[in-house]
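# Remarks on the overall topology
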Amino acid sequence: MTFFRSSKPDWRGLFANPGFPLYFVAMFVSLFGTGMNFAGVTLYVLAKTHSTVQVSFTVILLTLPRLLVPPLGGVLTDRVDRRYLSIVLDLGRAAVVFLAALLAWRDRLELWQLYGMVLLLGVGFAIYWSSSLALLQEVIPAPQLVSANSAVLIAVQGGMLAAGGLVGLVYERTGLAGILSIDGTTYVLSALCFYLLRRGYFPPQIAASPALFGSVLESRPSENYLVGGAHSVLADIHEGLNYLRTQPTVLALGLTYACMMAGVISANNLLHVGARGYGFIESGWALGAVIGGFAAAPLSHRRPFQVLISALLLLAVGHALFPYATFLFMAIFMNAVFGACRAIVAVLTQSSILASVPNRLMGRTQSAFAFMATVLQVVMSFALGWLAEHASLQVAFLLLGAIYGAALLAALRVRTLDSTLPATEPTAA
């Protein structure tokens, strides 16, 4: 707990770090383009096919790589400079999107080509997300990780929110070609920001920082984790899994984050309040998420663990009671609270993971957690949809509250393990 108490939120000091303003801009413009792309493709497919099944198919194509790519993507992230990897992924996605934009502008874009673009973008994003988070660990000193993760969450939510507000207007004026052109341009701008972020080639390092929640992980590199020799991909994957097996606190943090993410995505599939009501509720969520991003650092300054548990408890109980919100304004308010709580949980868990996991294992760790979250999302989406249709909305939201309850139990496990882990002298990052 002393780590958080010694790290006061300082936004000016955070953005004074060399490279972080460029990192922040890269994340904002990249997620703005991603949000424009997803919404634009959804509108185009729905208008062309008049089939919600086809729209669902695009979501499957976007999600499928997150089940298949993370093991290899995590190994790649831990083998090469994360800045260079992010640049290559941005430029690769830009090339794919610009090609699709050209086909759309010339009226030659077929559905199978659009689906291929979506699949390739899903592959790129599955690697990009873990790579960019791992890069944050190298850009920001450990005492500022909470503020940094808050700023990144604000950049992500701000980018997606801005995209949601503009996509309809842009689509009406320029069609899908204009949407894709904007998306491709954002990837180029993001790549430029990463290119200017620093100079030189920096492979992943071994050292880890002290854990944020008061638990001190085994940060002295053992012979199993020392760099040396050419590891095969399978050996690298085994090394990452073995690390998680021997670090139950990190695994508990990952489970907390994965359960929370599964609840976020699944909740969106249960709301049936019409297009306008859905928009208001989503706006409440986004506003709450931005507020939570700003509030995470000051709230967690003295009692981070209590803040984490309180936020998860509100998510669990609140979602179980959500179907009984009979008025739209009440649903919007509750969703704003959920967005704020989700932001706080995401900032605290991600900050603790970044501060605890050795740099050279961060890619595989983040990829493993992304895989866990995606599996839970798929299972929860099917289970909640079936319950909402065949049982009742109240039962479905009760299950949704239960997944947040599972996140709460995992977070409590983090605290339980604090007293059982051996104390070690943390190494400098």
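Notes on the structure in this doc start here. As the structure is a prediction and not an experimental result, all values here were calculated from the model.

### Some words on the overall build of the chain
What the chain contains, in helices and strands, is 16 helices and zero strands. Burial status across the chain gives 53% buried among its 429 residues. A separation threshold of at least 6 residues defines the contact pool for the chain, and within that pool the share at least 24 residues apart is 88%. Accessible surface, the chain: about 18,900 Å² in total, of which carbon and sulfur atoms supply 70%.

### Details of the environment of Thr185
Tracing the backbone through its elements, the reader meets Thr185 in helix H9 (residues 145-197). Placed 95 residues apart in sequence, Thr185 and Asp90 show a C-alpha to C-alpha distance of 9.9 Å.

### Section: the pattern of salt bridges
Under the defined criterion, the tally for this structure stands at nine salt bridges. Notably, a salt bridge pairs Arg198 with Asp81, separated by 3.0 Å at the nearest N-O pair. Separated by 117 residues along the polypeptide, Arg198 in the loop between H9 and helix H10 (233-246) and Asp81 in the loop between helix H6 (70-77) and helix H7 (82-105) bring together distant segments of the chain. Exposure remark for Asp81: the relative accessible area of 0% places this residue in the buried category. Through salt bridges with shared partners, a single ionic network connects Asp78, Asp81, Arg82, Glu138, Arg198, Glu239, Arg360 and Arg364.

### Remarks on the packing of aromatic side chains
One pass over the structure, following the stated rule, counts ten aromatic pairs. Taking 5.8 Å as the distance between ring centres and 25° as the angle between the ring planes, the aromatic pair formed by Phe125 and Trp129 counts as stacked. Of this pair, Phe125 and Trp129 both sit in helix H8 (residues 111-139), four residues apart, which is roughly one turn of that helix. What makes Trp129 partly exposed here is its relative accessible area of 24%. Aromatic pair Phe322 and Phe338: ring centres 5.8 Å apart, planes at 55°, arrangement tilted. Of the two residues, Phe322 sits in the loop between helix H13 (304-321) and helix H14 (328-356) while Phe338 sits in helix H14, which places them 16 residues apart along the sequence. Across the pair, Phe338 and Phe322 agree in class, each one buried.

About the criteria used
- Residues numbered from 1 in each chain as written.
- Predicted model: local features only at pLDDT ≥ 70, side-chain atom pairs only at ≥ 80, totals over all residues.
- Heavy atoms only, no water.
- Helix = DSSP H or I, 4+ residues; strand = E, 2+ residues; numbered from the N terminus.
- Buried < 20%, exposed > 50% of the residue type's maximum accessible area, 1.4 Å probe, protein only.
- Contact = heavy atoms within 4.5 Å.
- Areas by Shrake-Rupley, 256 points an atom, 1.4 Å probe, with all protein chains shown as cover.
- Salt bridge = Lys/Arg side-chain N within 4 Å of Asp/Glu carboxyl O.
- Phe/Tyr/Trp six-rings, centres within 6.5 Å; stacked < 30°, edge-to-face > 60°.

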